[in-house]
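Fold and contact review
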Amino acid sequence: MAADGTLLLALVEEFVSGLQDSKAKDAAKGVKDGHFTVLQLVEALGLSLTSSQPHTRARGVQLLSEVLQERYGELTEREVEVLIAFYENRLKDHYVITPPVLRGLQALSKCKMLPRGSAVSMLRSLFQDVHVQSLMLAERACAYNILINLMETREAELKGLGADFVFGFVQSMDGERDPRNLLLAFQIAKNIILRGYDLGKFTEELFEVTSCYFPIDFTPPPNDPHGITKEELIQELRAVLTGTPKFAEFLLPLIIEKLDSDVQSAKLDSLQTLAACVTQYEHKDLAEFLEGLWVSLRREVFQTTSEKIECAALAALTALTSCLSRSVLNSDSEDSLSTFLGLVLKDCKHHLCEPDLKLVWPSAKLLQASCSASNRANHIITAAVMPSVIEQYNNRTQCSHRRTLLEVVQRFIQSVKTCQPLDNVDESVFSAYRAALCSMVFSALSESNSGLQITATSVLTLLAQQAGLLLDSDIELAIDHLIRLLLTDEDERVSVAVVECAGALAQLHPAAFIAKLIPRLKQEMFSDHREAPKLNSQHAVRQRCLSALAAVSTQPSVVQECTPVILEVLSSAHAGSGSFSVDEVVLACRSLQRIAERVEDTEETGRCFHEVIIPRLLSLALQAALQEDSPSGHRSPLTEELVLSAMVPVISTSCSRLQPTLAGQTASRAVSLFLDGDVSFLPDNSFPSHMQLLKQRDSWSRSQLVCLLAGCVCSLPRGVEVPQVDQLLSQLEEMSCTCSHPLSYTSAAKCFAGLVNKRPQGEALDSLIQRTMKRVCGELDCTASAVRTQAFTLLIWVAKALLLRYHPLFTALTDKLFSLLDDVHLGPVAADSFLLLMSDSADVLNRSCHADVRIMYRQRFFSENSAKLVQGFNAAPQEKKPNYLKALSNIVNKLPKQVQVTELPALLSLLLEALTCPDQAVQLSTLCCLEPVLVSPPQVLIQQLEALVNRLLALICSPAMNVRIASIRCVHTISRFPAHEVLPFRARVLRALAPPLDDKKRLVRTEAVQARGEWFLLGSPGGR
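1. Section: the overall build of the chain
- Along the chain, the regular secondary structure elements total 53 helices and zero strands.
- Here the C-alpha radius of gyration of the chain, 39 Å, is well above what a compact globule of 1024 residues would show, namely 31 Å.
- The principal-axis extents of the C-alpha atoms in the chain amount to approximately 120 × 85 × 65 Å.
- The buried share among the 1024 residues of the chain stands at 55%.
- Long-range contacts, defined as pairs at least 24 residues apart, comprise 74% of the intrachain contacts of the chain with a sequence gap of at least 6.
- For the chain, the exposed surface amounts to about 43,800 Å²; the carbon and sulfur share of it is 51%.
- Averaging the positions of the 98 positive and the 114 negative side-chain charges in the chain gives two centres separated by 4 Å.

So, in structure tokens, the structure goes:
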């Protein structure tokens, strides 16, 4: 023990007299290891603590405080009591001792063994003996942290101080300027308010000491290590100011005053604070200030120069009205809501009678903001406004005026919808005006003005969504109007609006649409207009009808009526009746796809697709293929690649959404059809038996049907097992390597890849890939092979399937792809294939088809293969280098922008080479990669600025418009480089940018003007 005492004295001496700060950690370790206690340390510090020199006493207290900061959790209650008494006494000592004393008290305030009454004692000493604002930043933070710690652990004791605690805090905070300490002070003030501390007679003082910072005007310095933001300070101060209704009499006048400011941020902060505070207030807190608040809010909307300010003012008005709506009416009390809304109506209502003046919309917005606050508010405002608006609409004859008034009605209905959800069974506030509103809408739909018609469809949709506003007779009349507009109005905007409206109404009233709209559209689509002038018109009508059928098919009952009509379009096109064009057939398929995407995912709709739509599509496609091989002479449009490509997403979308049981049955049917020729599930079954569609390589019309198989089996959920999968994969491989029809072998390769991607990991999958690769590589290595293109197509799709799932054998396929960049015939195609690898596939191998897609597979591919690409480029002969540049460009262009900025500097030399490549696609892709890097240029890029500028200026005269635009943008960005680096290029760039000023393309001229202006100002007075 004597040795420990000697060690302790040595530590104290070295710290106090030797000024060795590291000894504090040694002392803390000694306490931790049990060599001595904290009280023994105090005894050893005796001479230091009683020294006549203030700085010596300060060093002694500093050592003790630093030890306490490390070991405060191990103190006993008796030790804490002694130490608190010591520190409280030291607060009366010389001012140089105050900082370490505060650090010691901060450590003690975190002790679990804090004796009863010590928290109050500490705070009384702190408030009486320390003038906090005369301290340095760190010591002020200590004082605030002491308060925070004690409020967390000794709340009841502090509340016993009553208003004295609040007064002490106000004195401590008054004058604080540092944002770091303000966050702590705001936190204390917020706790005082929200935890129910007694403010007593110091309510106004607490408000004044915090509100002096409102609104926050703080801009953090660049590279601020503390990370304090203006928004953070705003939110903390707002929580204080809006925390209690006791502040209302002080805060509301302050907000009214700040709203007169010319500073936009001050106005925005004030409006947002108003919206926040009224959620805590009652109507009596606001009564005195309602008129002033309304005047300020009205001014911000009527005279707004900022959309943000306007939105904030409207939000504040809604919150204010909502607060007043919560007031409970007594026989002897004033109705604050009615009084306030009276002010709003007085200033706004008369403007609605002037639809050609600019104050209509600000007034309507103010009324609608108030209206959306509550049911009481919307009843009052609707009753006051709607009769006037309806009368104005009926009296006006100009379409522009009527449209404005109808849009006002539309916004009112929307605002009521916000405060009255769809499931509210109460009567709508518009019930009294139901007939008048319906009359307005139907008269607008009968007008010839497209803008009025479009607005009317929006209002009709909103009326339908309000309970009881449209009767059955109104729905029927609405459908008649929609049908008329679909069949006769050629304005595309009107058609889109009508289709959207029909879709919304059909969801609410499916029976009416089944009875009226679907039969009428069917009749129109199958009517025969043979006169030449009407053909274009008929095509447009059919297009609109098909879009409408897709839009209304959201309910299962409507789907079951609409899909047979669309399928009949395909049947008629196949039979040659109805004169349906290929474009119309494609549109019919897209309508089916849209239905598959939007319809409710129920067993009923699943069975509709499983039992009706998919079999019918397969049947029609097979009939068309067989008919193509017959000598009849009629060629069905269903054999066209465009049509088959449009059928695939119908099948894939519907299969991807099927329930597991139905999905398994669909897979079984499709596989048995293509492998065994089982046509028993197909409608109109007049097909030859035992057709083997995957072996029909001499008949392109039959072999191309494999794309439909891919759409089916490649989109199934991963849990659904595909039957006879080994035989299926074998035949798909054979077809993809031997068939000569591009669509057929490409679709077979896609189908093979889609199945491989979902197969479970294991030896069976590895042997399948190795066997396939052996065959593919054999064909690719034989330059005389007639099926090298087919083998390459299979290679790239299998590579993509393995890349997405991180399969280890993918590396072998990648190496083969890189080797093909040197191939005479396949080199350019191989370079293009990297774009396919890095892009999302629309029909297979995507997440919507339940493919196995791992995150960040693009980044992984780039990191593993960029070095190989650079090595290959360096080793390749000159004539093969463009292939490597194109491959690099295709890879990099699909990387996320953040990765591009990080990785591109290492590849800069290759990218500069790519700019000289004659392929315009490579040039454009490379320019797109470079542009984000130029915003924050790395040093390596500035070092090669000469070469970069030369190549960019050469591309300004490119024949391709997109290349010219991209190169000018890059040149524009370079003007923001450090001035001393780019000034030498100024004259050359200005000369090069002169010709594009007269470019025949407006977009090029626009970019050239902006870029040349920046370069012209470079180095000039007033410029950079």
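Moving on from the model shown.
2. Quick look at the packing of aromatic side chains
- Evaluation of the coordinates by the stated rule reveals 12 aromatic pairs.
- The residue whose ring lies beneath Arg-860 is Tyr-806, and the NZ or CZ to ring-centre distance is 4.1 Å.

3. Some details on the packing of helix H11 (residues 163-173) against helix H13 (residues 203-211)
- It is the contact of H11 with H13, at a shortest axis distance of 10 Å, that shows an interaxial angle of 25°. Put simply, H11 runs roughly parallel to H13. For the pair H11 and H13, the crossing hand works out as left-handed. The residues of H13 that touch H11, namely those facing Val-166, Phe-169, Val-170 and Met-173, are Glu-205, Leu-206, Val-209 and Thr-210.

4. Notes on unusual backbone geometry
- Between Phe-214 and Pro-215 the backbone carries a cis peptide bond, its omega angle lying at -10°.
- Positionally, Pro-215 belongs in the loop between H13 and helix H14 (230-241).
- Of note in the backbone geometry, Tyr-806 takes a positive phi value of approximately 60° without being a glycine.
- Mapped onto the fold, Tyr-806 is located in the loop between helix H40 (788-804) and helix H41 (810-820).
- In this structure, Met-856 takes a positive phi of about 60° despite not being glycine.
- Relative to the elements of secondary structure, Met-856 occurs in the loop between helix H42 (827-838) and helix H43 (857-875).
- Taking relative accessible area as the criterion, Met-856 reaches 54% and is therefore assigned exposed.

5. Brief notes about the packing of helix H37 (residues 725-738) against helix H39 (residues 763-781)
- Contact pair H37 / H39: the axes reach a minimum separation of 12 Å and the direction vectors enclose 20°. Looking at the two axes, H37 sits roughly parallel to H39. Where H37 crosses over H39, the handedness of that crossing is right-handed. Contacts from Leu-729, Glu-733, Glu-734, Cys-737 and Thr-738 in H37 reach Leu-768, Arg-771, Thr-772 and Arg-775 in H39.
- Along the lines of polarity and charge, the residues of the contact of H37 with H39 split into three nonpolar, two polar and four charged.

6. Here's the deal with the pattern of salt bridges
- Within this structure, the stated rule accounts for 46 salt bridges.
- Between Lys-190 and Glu-236 there is a salt bridge, and its shortest N-O distance comes to 3.5 Å. Taken together, the positions of Lys-190 in helix H12 (residues 179-194) and Glu-236 in helix H14 put the pair 46 residues apart, joining distant regions of the chain.
- For Asp-832, the salt bridge is made with Lys-886, and the minimal N-O distance between the two is 2.9 Å. Of this pair, Asp-832 sits in helix H42 while Lys-886 is found in helix H44 (residues 881-893), placing the two residues 54 residues apart along the sequence.
- Residue class for Asp-832 comes out partly exposed when judged on its relative accessible area of 36%.
- Residues joined by salt bridges that share partners form a network here, namely Glu-152, Glu-155, Lys-159 and Arg-195.

7. Quick word on helix H50 (residues 961-974)
- With 14 residues, H50 should reach 20 Å at 1.5 Å per residue; the first-to-last C-alpha distance of 20 Å fits that figure.
- Counting buried positions along H50 yields 11 of 14 residues, so the element is predominantly enclosed.
- Elements in contact with the buried residues of H50: helix H47 (920-935), helix H49 (945-955), helix H51 (979-982), helix H52 (986-992) and helix H53 (1002-1017).

8. Brief notes about the state of the cysteines
- This structure, assessed with the given rule, holds zero disulfides.
- The thiol sulfur of Cys-311 is not disulfide-bonded, and the nearest other cysteine sulfur, from Cys-348, lies at 16 Å.
- Judged by relative accessible area, Cys-311 falls into the partly exposed class, the value being 45%.
- No disulfide involves Cys-751; its nearest neighbouring cysteine sulfur is the one of Cys-714, lying 4.1 Å away.

Rules and cut-offs
- Residues numbered from 1 in each chain as written.
- Predicted model: local features only at pLDDT ≥ 70, side-chain atom pairs only at ≥ 80, totals over all residues.
- Heavy atoms only, no water.
- Helix = DSSP H or I, 4+ residues; strand = E, 2+ residues; numbered from the N terminus.
- Rg over C-alpha atoms; globule rule 2.2 N^0.38 Å.
- Buried < 20%, exposed > 50% of the residue type's maximum accessible area, 1.4 Å probe, protein only.
- Contact = heavy atoms within 4.5 Å.
- Areas by Shrake-Rupley, 256 points an atom, 1.4 Å probe, with all protein chains shown as cover.
- Lys, Arg positive; Asp, Glu negative; His and termini not counted.
- Charge placed at Lys NZ, Arg CZ, Asp CG, Glu CD.
- Phe/Tyr/Trp six-rings, centres within 6.5 Å; stacked < 30°, edge-to-face > 60°.
- Lys NZ or Arg CZ within 6 Å of the ring centre and 35° of its normal.
- Axes fitted to C-alpha atoms, helices over the stretch in contact; angles between N-to-C directions.
- Parallel < 35°, antiparallel > 145°, perpendicular 65-115°, else oblique.
- Left-handed = near helix turned anticlockwise from the far one by under 90°.
- Nonpolar A, V, L, I, M, F, W, Y, C, P; charged D, E, K, R; others polar.
- Salt bridge = Lys/Arg side-chain N within 4 Å of Asp/Glu carboxyl O.
- Expected span 1.5 Å × (residues − 1).
- Disulfide = S-S within 2.5 Å.

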